[in-house]
2 protein chains.
Amino acid sequence: MKDKIGIGLLGLGTVGSGVIDILRRNGELIKRRVGVPVEVIKILRKDSNKPVPADMPRNIITTDIKEIIDNPDIDIVVEVMGGFEPAKGYILNAIENGKNVVTANKALLAINGEELYSAASERGVDLYFEGSVCGGIPVIKALREGLAANKIESIYGIVNGTSNFIITKMTHEGKGFGDALRETQALGYAEADPTFDIEGIDAAHKLSILVNIAFGTPVDFKEIYTEGISGISPMDINYAKEFNFRVKLLAISKMKNGSVEARVHPTLVPCSHLIATVDGVFNAVYITGDAVGPTLFYGKGAGDLPTGSAVVSDIIDVARNILKGGNGRIPPASFREENRIPLKILNIDDIVSMYYFRFTVLDMPGVLSRISGILGEHKISIASVIQKGRQEGGNVPLVMMTHEAVERNVKNALLEIDRLTVVSEKTVMIRVEEGK
Amino acid sequence: MKDKIGIGLLGLGTVGSGVIDILRRNGELIKRRVGVPVEVIKILRKDSNKPVPADMPRNIITTDIKEIIDNPDIDIVVEVMGGFEPAKGYILNAIENGKNVVTANKALLAINGEELYSAASERGVDLYFEGSVCGGIPVIKALREGLAANKIESIYGIVNGTSNFIITKMTHEGKGFGDALRETQALGYAEADPTFDIEGIDAAHKLSILVNIAFGTPVDFKEIYTEGISGISPMDINYAKEFNFRVKLLAISKMKNGSVEARVHPTLVPCSHLIATVDGVFNAVYITGDAVGPTLFYGKGAGDLPTGSAVVSDIIDVARNILKGGNGRIPPASFREENRIPLKILNIDDIVSMYYFRFTVLDMPGVLSRISGILGEHKISIASVIQKGRQEGGNVPLVMMTHEAVERNVKNALLEIDRLTVVSEKTVMIRVEEGK
């Protein structure tokens, strides 16, 4: 039996430092679980002159990937450098050399997952990536293992802490989007260029990974409909409250008649739904399986230690495989490579949803009737209406919630409505989910 | 490579039927995950004349355990008969014969877990028991694997759906305990003899299992302090609301200076805490790890399909081990047998907690001063007081929340207070947790 498990760490940024920190502080505990120590053998950095983590010898740092990939003492390559290249090439080389791989690289998996999954499956090594979705929450493990008996029916996730923090500020402090974003940046929860987070791209990366393993299908990332939170105004958040709803940026996927819905957008969810109570930088994923029913997995979605927790737990998992010769026991994409079936991702225009509309209309008689008339022609029926404030001859908001309708019909109706002379601004449309 | 995984099922009650149902309806999907079919070979029943599940041959039923334990086609013995004997003997025999075991038997694991864990470890077979705690929620997997990088700091669980359903009825419908219990029984969520559920014993069984795997220590079940919900009155639930708290039956465990707290009792938790929002038959476990921070795992805690989901997911896990020769990779008790360290379970008198008191006192001047004086002498400081209604010379409730105090001091103070002539009834004491 091996007397230790050797790690080669690619990258020493936020997550890499978290991994080092956890392996050090919980080293004894991890040994009690695994049976042998887990030891970092080499760390790859671009610049060998940067400071070495405390208590570590200077020669642990290398700038040469070969010192890791060709190193017989290294059992697991841990990729926490991020980005596409050279990360992807390094992972593929590691797999080729029979190394097991742990990564937290969501963008890479969302875009190039197929190539990596099949490489690992073919070579029979482990490819674990719990840290790529929702930081420390073991939701990949839930889908690949803990709920593996289930046909997954739906997934509703708050999977981006930055946008959730911004929306929480807007909801509870009444801030506008710009102010909330600036405060989030000042606290270090949003990057200088926040595009990936606020435009839903990061959430879509994570959803792509979840959909893949939940439904056993390859996912073309471009087919995931993605809409961010930059268009959300405090006015809509407040109207949502009046309907007893919260606005959340949700990553949603559902199995519908053999096709898959996969979309990221701001969503109204009932205040009484657990996912509506997930505030601040926290993440949560609400998964419904045909046997288990609804489940929720909640925790911190980012940060050195939460994501480090996922990466190190993956290391422990892989180490347990190594010691028993069980590597490759869990297919990277949850379903065995030969048993994955490509499913159609439904076009956003074909989905059925409930909707929230905020029309900006001239305050004059007959407006509600014209708008509801057009909605009716497009088979959209109204569930409730709020019309407040009077400003004769001026602009007033007219707010509606609908019953279920087809998105294509909604878009056509809004095009028609926005052409009316009594409608003064582009109508705001937000999708509504009961989350069942 | 094996061309199928054979199951021997012990028992065909609620959970056993759920297992059959899931294996049948999701058989194809499970095969896509595992690589080969999972097939029930034999089902042990006490009475061979009971009806056979649809589509199954009559000879699948046996009354002879040997037909399962000595059967070379059976790889996994699934024990869902419940109770101590013969279940325990059957499991030990199965392990001895090199069979892997999946069980949902919480009482057996809570009381005889050590014997089973070490037998499985020694023989190098798998012993999985996700179904024993919180039905379909993969919380055992979270502690053994998904959060394995963490030093677990605390666990707060709503782990008994029956008592949570009763308390939810009392909270939201203002029912008394007796009425709420009867309605719960009428709905089939409580048994005719509800003692195990309402007196916290079932919750303590589950806590015992969680504590064992969270902290790597054997647990003597008798050392878990257990108090049920039968003494909770709507009055206390309402006062709790006024303080912005909810009453929940919590299973609590914390690591405190190398000792472990492990206790089940009604608890006031802040309304703003996620665990306070877990209503009805749902279960949830709030686990804090040193790296991951707080996490929550939520779902249905009982029922044929939710518990069946856990059992079948365990079967898939074990099957994946069998196909790769990885059995024994996860120590049954999460820590390797030789690395478990017996920890002291703190006596309830030594815990530090906040408290809720409801005194029943004569409505006369000086009462508050005498009571608060005695509390002060016992180093218990008051955080807030509610004194409502006036009934001069009659009995009125006097309600208090305290800051942190030592339980022993609280008991001594209450003994003294309850002896006062101005105190007319035994004081109600409920522990309070912020849940951090």
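These numbers come from a predicted model, not from an experiment. (Residues numbered from 1 in each chain as written. Chains lettered and ligands numbered in written order. Predicted model: local features only at pLDDT ≥ 70, side-chain atom pairs only at ≥ 80, totals over all residues. Heavy atoms only, no water.)

**Digging into the environment of Arg408(A)**
Residues and elements named next belong to chain A.
Alright, step 1. Along the chain, arginine 408 turns up in helix α14 (residues 407-418).
Alright, step 2. Non-local contacts of arginine 408, meaning those with residues more than four positions away in its chain, are made with Asp349 and Asp350.
Alright, step 3. Of note is the side chain of arginine 408, whose polar atom sits 2.8 Å from the side chain of aspartate 350. (Helix = DSSP H or I, 4+ residues; strand = E, 2+ residues; numbered from the N terminus. Contact = heavy atoms within 4.5 Å. Polar contact = N/O pair within 3.5 Å; in protein donor to acceptor, adjacent residues only side chain to side chain.)

**Focus: the sheet that holds strand β4 (residues 76-79) of chain A**
Residue and element names in this part refer to chain A.
Alright, step 1. A sheet is described by the order of its strands in space; here 6 strands give the open sequence β3-β2-β1-β4-β5-β6, paired in parallel fashion. Each end of this open sheet is capped by a strand with a single partner; those strands are β3 (61-62) and β6 (127-128).
Alright, step 2. Bridge analysis of strand β1 (residues 5-10) against strand β2 (residues 38-44) gives 6 bridges, and the strand direction is parallel. Each bridged residue has a counterpart across the sheet, and for leucine 9 the counterpart in β2 is isoleucine 43.
Alright, step 3. On top of the sheet, helix α4 (residues 87-96) reaches β1, β2, β4 and β5 (100-103); it is set at about 150 degrees to β5, its chief contact. (Pairing = 2+ DSSP bridges. Axes fitted to C-alpha atoms, helices over the stretch in contact; angles between N-to-C directions.)

**With respect to unusual backbone geometry**
For residues other than glycine, phi is negative in most cases, and the peptide bonds are mostly trans.
Residue and element names in this part refer to chain A.
Alright, step 1. Going from glutamate 85 to proline 86, the amide bond is cis rather than trans, its omega being 10 degrees.
Alright, step 2. Mapped onto the elements of the fold, proline 86 is located in the loop between β4 and α4.
Alright, step 3. One non-glycine residue, cysteine 134, lies in positive phi territory at about 60 degrees.
Alright, step 4. Position of cysteine 134 among the secondary structure elements: in the loop between β6 and α6 (139-146).
Alright, step 5. Residue classification places cysteine 134 among the buried positions, given a relative accessible area of 0%. (Buried < 20%, exposed > 50% of the residue type's maximum accessible area, 1.4 Å probe, protein only.)

**Observations regarding the environment of Phe245(A)**
All names here are of chain A.
Alright, step 1. With respect to the helices and strands, phenylalanine 245 occurs in strand β9 (residues 245-256).
Alright, step 2. Taking the C-alpha atoms as reference, phenylalanine 245 lies 4.9 Å from cysteine 271; in sequence the two are 26 residues apart.
Alright, step 3. In this view, phenylalanine 245 contacts Ala240, Leu268, Val269, Pro270, Cys271, Met401, Val432 and Glu433; residues no more than four positions away in its chain are not counted.

**Thoughts on the layout of surface pockets**
Residue and element names in this part refer to chain A.
Alright, step 1. Considering only enclosed or pocket space, the largest pocket measures out at about 1,500 Å³ in volume.
Alright, step 2. Forming the boundary of the largest pocket are 50 residues, of which Thr14, Val15, Gly82, Lys106 and Glu191 lie nearest the centre.
Alright, step 3. Taken together, the elements giving at least two residues each to the lining of the largest pocket come down to α1 (14-25), α5 (106-123), α7 (161-173), α9 (195-198) and α10 (201-215).
Alright, step 4. At 3 residues, α10 tops the list of elements feeding residues into the lining of the largest pocket.
Alright, step 5. The residue inventory of the lining of the largest pocket, partitioned by class, reads 19 nonpolar, 19 polar and 12 charged.
Alright, step 6. Of the domains in this structure, domain 1 (5-136 + 304-339) and domain 2 (140-300) are the two that each give at least three residues to the lining of the largest pocket. (1 Å grid on protein atoms, 1.4 Å probe; cavity = no way out; pocket = protein on both sides within 12 Å on 5 of 7 lines; lining within 4 Å. Points joined across faces, edges and corners; volume = space filled by probe spheres on them. Nonpolar A, V, L, I, M, F, W, Y, C, P; charged D, E, K, R; others polar. Domains from an automatic or database assignment.)

**A word on the relation of the copies chain A and chain B**
For the pair of chain copies, the relating operation is a rotation around an axis with a shift along it.
Alright, step 1. The transform that puts chain A on chain B rotates by 180 degrees and translates by 0.0 Å along the axis, for an RMSD of 0.0 Å. When the rotation and shift are considered jointly, the pair of chain copies conforms to a two-fold rotation axis. It is Gly326(A) whose C-alpha, among those of chain A, lies nearest the rotation axis, at 2.1 Å.
Alright, step 2. Residue by residue, 100% of the interface of chain A is reproduced at the interface of chain B, so both copies engage with the same surface. (Least-squares fit on C-alpha atoms with pLDDT ≥ 70 in both.)

**Focus: the interface of chain A and chain B**
Alright, step 1. Contact residues are listed per partner, giving 64 residues for chain A and 64 residues for chain B.
Alright, step 2. Counting each side, the surface lost to burial between chain A and chain B is near 5,300 Å², with a carbon and sulfur contribution of 53%.
Alright, step 3. Area buried by chain A at its contact with chain B is led by Arg32(A), Arg33(A) and Arg329(A), which between them contribute 16% of it.
Alright, step 4. Between Arg329(A) and Asp317(B) there is a salt bridge, and its shortest N-O distance comes to 2.8 Å.
Alright, step 5. Where chain A touches chain B, the interface holds 34 residue pairs in polar contact (both at pLDDT 80 or more).
Alright, step 6. Looking at the side of chain A that touches chain B, the elements with two or more residues in it are α1, α2 (27-34), α6, α10, β11 (282-289), β12 (293-300) and α12 (304-324) of chain A.
Alright, step 7. With 10 residues, α12(A) is the largest single contributor of residues to the side of chain A that touches chain B.
Alright, step 8. Broken down by class, the residue content of the side of chain A that touches chain B amounts to 30 nonpolar, 18 polar and 16 charged. (Buried area = accessible area lost by both parts, 1.4 Å probe. Salt bridge = Lys/Arg side-chain N within 4 Å of Asp/Glu carboxyl O.)

**Overview of the domain arrangement of chain A**
Residues and elements named next belong to chain A.
Alright, step 1. One can read the domain layout of chain A as domain 1 (5-136 + 304-339), domain 2 (140-300) and domain 3 (349-432).
Alright, step 2. Taking the mean C-alpha position of each, domain 1 and domain 2 sit 27 Å from one another.
Alright, step 3. With 24 residues of domain 1 at the interface, the matching set in domain 2 holds 24 residues.
Alright, step 4. When the area that domain 1 buries against domain 2 is broken down by residue, the three leading residues are Ala110, Val133 and Cys134, summing to 27%.
Alright, step 5. With its nearest N and O atoms 3.1 Å apart, the salt bridge here joins aspartate 202 to lysine 106.

**Things to note about the nonpolar core**
Alright, step 1. Leu268(A), Ile287(A), Tyr356(A), Leu268(B), Ile287(B) and Tyr356(B) are the most contacted members of the largest nonpolar core, which has 165 residues in total.
Alright, step 2. Apart from residues no more than four positions distant in its own chain, Ile287(A) is found in contact with Val139(A), Leu143(A), Leu147(A), Ile152(A), Ser154(A), Ile155(A), Gly293(A), Pro294(A), Thr295(A) and Phe297(A).
Alright, step 3. Counting 39 residues, the second-largest nonpolar core is a separate cluster that includes Ile76(A), Val102(A), Tyr128(A) and Ile316(A). (Core = buried A, V, L, I, M, F, W, Y, C linked by side-chain atoms within 4.5 Å.)

**Thoughts on the packing of aromatic side chains**
Alright, step 1. For the structure on display, the rule yields 11 aromatic pairs over all chains.
Alright, step 2. Here the aromatic rings of Tyr355(A) and Phe357(A) are separated by 6.2 Å at their centres, their planes lie at 15 degrees, and the arrangement is stacked.
Alright, step 3. For Tyr355(A), a relative accessible area of 0% puts it in the buried group.
Alright, step 4. Ring geometry for Phe357(B) against Phe359(B): centres 5.6 Å apart, planes inclined by 50 degrees, an arrangement best described as tilted.
Alright, step 5. Taken together, Tyr355(A), Phe357(A) and Phe359(A) form an aromatic cluster joined through their ring pairs.
Alright, step 6. Its guanidinium or amino end placed over the ring of Tyr128(A), Arg144(A) lies 4.8 Å from that ring's centre, counting from NZ or CZ. (Phe/Tyr/Trp six-rings, centres within 6.5 Å; stacked < 30°, edge-to-face > 60°. Lys NZ or Arg CZ within 6 Å of the ring centre and 35° of its normal.)

**Quick notes on the confidence of the model for chain A**
Alright, step 1. Looking at chain A as a whole, its pLDDT mean stands at 95, while 100% of the residues score no less than 70.
Alright, step 2. Across the predicted assembly, pTM comes out at 0.97 and ipTM at 0.96. (pLDDT = per-residue confidence, 0-100.)

**Thoughts on the side chain of Thr307(A)**
Residue and element names in this part refer to chain A.
Alright, step 1. Of note, threonine 307 is situated in helix α12.
Alright, step 2. Among the residues examined, threonine 307 registers a relative accessible area of 6% and is labelled buried.
Alright, step 3. With residues near it in sequence (within four places) discarded, threonine 307 still touches Val15, Ala104, Gly131, Gly135, Gly136, Gly301 and Ala302.

**Here we look at helix α8 (residues 177-186) of chain A**
Residue and element names in this part refer to chain A.
Alright, step 1. All of the buried residues in α8 are Phe177, Ala180, Leu181 and Thr184. Down the axis of α8, the sector holding all buried residues measures 100 degrees, keeping them to one side. Relative to its buried face, α8 has exposed residues pointing more than 90 degrees away, namely Arg182 and Ala186.
Alright, step 2. Count one or two residues on from α8 and you reach glycine 188, which has phi positive near 85 degrees. (Arc of directions from axis to C-beta.)

**Comments concerning the side chain of Thr295(A)**
Alright, step 1. With respect to the helices, strands and loops of the structure, Thr295(A) is situated in strand β12.
Alright, step 2. By relative accessible area, Thr295(A) is classed as buried at 1%.
Alright, step 3. Separated by 2.8 Å, the side chain of Thr295(A) and the backbone oxygen of Ile287(A) make a polar contact.
Alright, step 4. With near-sequence residues (within four places) excluded, Thr295(A) lies in contact with Leu147(A), Val285(A), Tyr286(A), Ile287(A), Tyr298(B) and Gly299(B).

**Examining the sheet that holds strand β5 (residues 100-103) of chain B**
All names here are of chain B.
Alright, step 1. Ordered in space as β3-β2-β1-β4-β5-β6, the 6 strands form an open sheet in which the pairing is parallel. Because the sheet does not close on itself, it has two edges, and the strands there are β3 (61-62) and β6 (127-128).
Alright, step 2. Bridging between strand β2 (residues 38-44) and β3 involves 2 bridges; their strand directions are parallel. Across the sheet, residue leucine 44 finds its bridge partner in β3, namely threonine 62.
Alright, step 3. Contacts from helix α1 (residues 14-25) reach β1 (5-10) and β2 within the one sheet, and its direction differs from that of β2 by about 155 degrees.
Alright, step 4. Packed on one face of the sheet, helix α4 (residues 87-96) meets β1, β2, β4 (76-79) and β5 and runs near 150 degrees to β5.

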